[in-house]
Amino acid sequence: MTKKLWFLPIVCLYFIFGWAAPSASAGAPADTNLYSRLAVSTAGTFFPQTASSVITTSADTDTYYKEASGKSGTSLKSALHRIISGNTKLSYSQVWDALKETDEDPANPNNVILLYTQESRAKSKNGGSVGDWNREHVWAKSHGNFGTSAGPGTDIHHLRPADVQVNSARGNMDFDNGGSEYPKAPGNYYDGDSWEPRDEVKGDVARMLFYMAVRYEGDDGYPDLELNDKTGNGSAPYMGKLSVLLKWNKQDPVDSKEKRRNELIYEDYQHNRNPFIDHPEWADEIWK
Ligand SMILES: [Ca+2]
Ligand SMILES: [Ca+2]
Ligand SMILES: [Ca+2]
């Protein structure tokens, strides 16, 4: 760098921060710092926030997870349960509108991305007919029989848009590797007692199930949902297969889409976070 150019980085910083700061006041909580008022892409570049595009940094979530700091095993699980409980609960009809935001196709604001097929489909095609998308409960609602009243059945941390027929094919199966490819959802496999989602969402599925097991502990009128190492759990409040889910958590790491979704749920809908999107390593600390 020549002497004449020494001031250029400072000028650039002035323009970046001077330009971004005014837009930050619209939707950001008063106590957030500069970095949280900027959306951070996976490439590490900054762009001004829209009201709900912020990806919170680890420094911000340190405060949220303060009570969990330094814990492991059951004491970590208990601390996280206390932190993420007491969330706002949606009605089942509110879930439609929420998913239209949390699962919006970044390339087309009229569409949502479907979980198992990755298809981009019109938001307006929500419904129950062939060709529609509907609300897939990744933790099958029969595993604990919690239904669709406000609570686990409407918790959008584990609800995703899915093709009606694919949703029906997955049914209430546990998750595991193997089986035959499901023709309407290439990359997804199934057999008599389990479903294997496509590689790109294996980690997403695992982290959604980790969240459910920690959020629902049977102390607030809902069943105590737990993970086990089985398939074919039927209507018991369990989901498997834990050892496979722990592998999927590593095979398919958290990406910016998953972070954005977690942030939207926290900021705009439920006001609680999925700890395993913020700290995927905590799954191994709880389920060793
Ligand atoms: Ca199986
Ligand atoms: Ca993924
Ligand atoms: Ca539980």
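All of these numbers come straight from a predicted model, not from anything done at the bench.

Undergrad: So what's going on with the overall build of the protein chain? Which residues, and what values?
TA: Summing up its helical and strand segments, the protein chain has ten helices and 13 strands in all. Across the protein chain, the fraction of contacts at a sequence separation of at least 24, relative to all contacts at a separation of at least 6, is 56%.

Undergrad: Before we move on, could you go through the nonpolar core and cite the residues and values that matter?
TA: V205, L209, F210, M212 and L245 are the most contacted members of the largest nonpolar core, which has 55 residues in total. In terms of residue count, helix 6 (residues 202-215) provides more of this core than any other element does, nine residues in total. Apart from residues lying up to four places away in sequence, M212 is in contact with W139, P152, H158 and L225.

Undergrad: Describe in detail helix 7 (residues 242-251), supporting the description with residues and values.
TA: Of all the positions in helix 7, only L242, V244, L245, W248 and N249 are classed as buried. The buried residues of helix 7 occupy one face: seen down the axis, they fall within an arc of 155 degrees. Exposed side of helix 7, more than 90 degrees from the buried face: S243 and Q251 are the residues found there.

Undergrad: Outline the environment of N233, listing residues and values.
TA: Residue position: N233 is located in the loop between strand 12 (226-227) and strand 13 (238-239). It is 9.9 Å that separates the C-alpha atoms of N233 and S194, two residues lying 39 residues apart in sequence. Setting aside chain neighbours within four positions, we find N233 in contact with H143, D174, Y238, M239 and G240.

Undergrad: Which residues make up the environment of A79, and what are the values?
TA: Tracing the backbone shows A79 in helix 3 (residues 73-84). Along the chain, A79 and E67 lie twelve residues apart, while their C-alpha atoms are 6.2 Å from each other. Residues contacting A79, with those up to four places away along its chain left out, are E67, A68 and K71.

Undergrad: Give a description of unusual backbone geometry that names residues and reports values.
TA: The residue after G240, namely K241, is reached through a cis peptide bond having omega 15 degrees. Within the secondary structure, K241 is located in the loop between strand 13 and helix 7. Unusually for a residue other than glycine, Q118 sits at a positive phi of about 60 degrees. Tracing the chain through its elements places Q118 in the loop between strand 4 (108-113) and strand 5 (120-122). Phi at H271 is positive, roughly 60 degrees, even though this residue is not glycine. Relative to the assigned elements, H271 resides in the loop between helix 8 (256-269) and helix 9 (275-278).

Undergrad: Could you give an account of helix 3, with specific residues and numbers?
TA: Here helix 3 is twelve residues long and its end C-alpha atoms lie 17 Å apart, about the 16 Å a rise of 1.5 Å per residue gives. The complete set of buried residues in helix 3 reads L76, K77, L80 and I84. Buried residues in helix 3, looked at end-on, bunch into an arc of 100 degrees, giving them a common side. Exposed residues pointing more than 90 degrees away from the buried face of helix 3 are listed as T74, S75 and R82. Each element contacted by the buried residues of helix 3 is listed here: helix 6, helix 9 and helix 10 (282-286). Taken from the residues just after helix 3, G86 is the one with a positive phi, measuring 75 degrees.

Undergrad: Help me get a handle on the confidence of the model for the protein chain, residues and values and all.
TA: Mean pLDDT for the protein chain: 86, with 80% of residues reaching 70 or above. Taken element by element, the protein chain is modelled with least confidence in strand 1 (residues 38-40), mean pLDDT 33, and with most confidence in helix 6, mean pLDDT 99. This stretch, residues 8-53, has a pLDDT under 50; its non-local contacts, to residues over four places away or in other chains, come to 40 contacts.

Undergrad: Explain the sheet that holds strand 4 to me, using residue names and the numbers behind them.
TA: Spatially, three strands are ordered 3-4-5 in an open sheet, and the strand pairing comes out antiparallel. The sheet terminates laterally at strand 3 (104-105) and strand 5, the two strands that pair on one side only. As judged from the three bridges shared by strand 4 and strand 5, these two strands associate in the antiparallel manner. Residue pairing in the sheet places I113 in a bridge with S120 of strand 5.

Undergrad: I'd like to hear about the sheet that holds strand 10 (residues 189-190), residue by residue, with values.
TA: Spatially, four strands are ordered 8-11-10-9 in an open sheet, and the strand pairing comes out mixed. The sheet terminates laterally at strand 8 (174-175) and strand 9 (180-181), the two strands that pair on one side only. Note: strand 8 against strand 11 (residues 194-196), two bridges, orientation parallel. Each residue of the ladder has a partner; that of D174, found in strand 11, is S194.

Undergrad: So what's going on with the packing of helix 6 against helix 7? Which residues, and what values?
TA: Relative to each other, helix 6 and helix 7 sit at 125 degrees, their axes nearing to 7 Å. When the axes of helix 6 and helix 7 are compared, the pair comes out oblique. For the element pair helix 6 and helix 7, the recorded crossing hand is left-handed. Of the residues in helix 7, those in contact with K202, G203, V205, A206, R207 and L209 of helix 6 are L245, W248, N249 and Q251. In the contact of helix 6 with helix 7, the residues fall into five nonpolar, three polar and two charged.

Basis of the calculations
Residues numbered from 1 in each chain as written. Chains lettered and ligands numbered in written order. Predicted model: local features only at pLDDT ≥ 70, side-chain atom pairs only at ≥ 80, totals over all residues. Helix = DSSP H or I, 4+ residues; strand = E, 2+ residues; numbered from the N terminus. Contact = placed C-beta atoms within 7 Å. Core = buried A, V, L, I, M, F, W, Y, C linked by C-beta atoms within 7 Å. Buried ≥ 20, exposed ≤ 12 C-beta atoms within 10 Å, placed from the backbone. Arc of directions from axis to C-beta. Expected span 1.5 Å × (residues − 1). pLDDT = per-residue confidence, 0-100. Pairing = 2+ DSSP bridges. Axes fitted to C-alpha atoms, helices over the stretch in contact; angles between N-to-C directions. Parallel < 35°, antiparallel > 145°, perpendicular 65-115°, else oblique. Left-handed = near helix turned anticlockwise from the far one by under 90°. Nonpolar A, V, L, I, M, F, W, Y, C, P; charged D, E, K, R; others polar.

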